[in-house]
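Residues per chain, in single letters:
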Amino acid sequence: MRREGGAAGTQQGRRQEPLRTEFEFELPRGFVDEAGAVHRTGAMRLATARDELLPLRDIRVRENPAYLSVVLLGRVITRLGTLPSVHDGTVENMFASDLAFLQDFYRQINAEGHTRAAVACPHCEESFEVELAGSRLGES
């Protein structure tokens, strides 16, 4: 029996990378805790279906659908600076620019399935990709 080199055949010769489920980030401003310490670096994990469904039962989300992102981010942010835990109350007290950053970051790693973006140089117009997770704009 002859075997064709379809999708399964091409996978055999390549080493598959393990699925990356957690992504580093750095907030534009940083979360300021009760003691005045600023927390900027953190990590976010990929969301599960449960992460997206459970907040829909939350009374705060039912009363104000915009609150969905606060509850959802509180579930998927695994680390923020030296805080012992991150929850929706933490996200509630973030600066609006940091919340917008995290909402965008969430979409990048969950909806698109990757953290690379195609960009073009404004000077020479050459196209290339940049890594968005774990780096700041302008850094390589």
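The rules behind each value
Residues numbered from 1 in each chain as written. Predicted model: local features only at pLDDT ≥ 70, side-chain atom pairs only at ≥ 80, totals over all residues. Heavy atoms only, no water. pLDDT = per-residue confidence, 0-100. Contact = heavy atoms within 4.5 Å. Helix = DSSP H or I, 4+ residues; strand = E, 2+ residues; numbered from the N terminus. Polar contact = N/O pair within 3.5 Å; in protein donor to acceptor, adjacent residues only side chain to side chain. Pairing = 2+ DSSP bridges. Axes fitted to C-alpha atoms, helices over the stretch in contact; angles between N-to-C directions. Disulfide = S-S within 2.5 Å. Phe/Tyr/Trp six-rings, centres within 6.5 Å; stacked < 30°, edge-to-face > 60°. Buried < 20%, exposed > 50% of the residue type's maximum accessible area, 1.4 Å probe, protein only. Core = buried A, V, L, I, M, F, W, Y, C linked by side-chain atoms within 4.5 Å.

## Comments concerning the confidence of the model for the protein
When pLDDT is low, close inspection of the predicted coordinates is not appropriate. This prediction gives the protein a mean pLDDT of 84; 76% of its residues lie at or above 70. Long-range and interchain partners of residues 134-140, a stretch whose pLDDT sits below 50, account for three contacts in this model, where long-range means more than four residues apart.

## Observations regarding the side chain of Asp51
With respect to the helices, strands and loops of the structure, Asp51 is situated in helix α2 (residues 49-53). A distance of 2.6 Å separates the side chain of Asp51 from the side chain of Arg45, its partner in a polar contact. For Asp51, the side chain forms a polar contact with the side chain of Arg75, separated by 3.0 Å. With residues up to four places along the chain from it excluded, the contact list for Asp51 reads Arg45, Leu46, Leu72, Arg75 and Val76.

## Considerations on the sheet that holds strand β3 (residues 77-80)
Two orientations exist for strands paired in a sheet by backbone hydrogen bonds: parallel and antiparallel. Overall, antiparallel pairing links the three strands, which are arranged β1-β2-β3 in an open sheet. On the outer flanks of this sheet lie β1 (22-32) and β3, each paired with one strand and no other. On average, each strand axis in the sheet is inclined to that of its neighbour by 25°, with strand direction left out of account. Where β1 lies against strand β2 (residues 38-45), seven bridges are found, and the strand directions are antiparallel. Paired with Phe23 across the bridge in β2 is Met44. Across the sheet, helix α6 (residues 96-110) touches β1, β2 and β3, and the angle it forms with β1 is around 170°.

## A look at the state of the cysteines
A full pass over the atoms with the stated rule returns zero disulfides. The cysteine Cys124 is free of any disulfide, with Cys121 supplying the nearest cysteine sulfur at 3.6 Å.

## Some words on the packing of aromatic side chains
Per the stated rule, a full pass over the model turns up three aromatic pairs. Look at Phe101 and Phe105: their rings are 6.0 Å apart centre to centre, the planes differ by 10°, and that puts the pair in the stacked class. With Phe101 and Phe105 both in helix α6 and four residues apart, this pair spans about one turn of that helix. The exposure class of Phe105 is buried, given its relative accessible area of 2%.

## Things to note about the nonpolar core
Grouped together as the largest cluster of nonpolar side chains are 23 residues, with contacts concentrated most on Phe25, Met44, Leu73, Ile77, Leu80 and Leu102. Those elements giving two or more residues to this core turn out to be β1, α4 (68-76), β3 and α6. If sequence neighbours within four positions are ignored, Met44 has contacts with Thr21, Glu22, Phe23, Phe25, Leu73, Val76, Ile77, Thr78, Leu102, Phe105, Tyr106 and Ile109.

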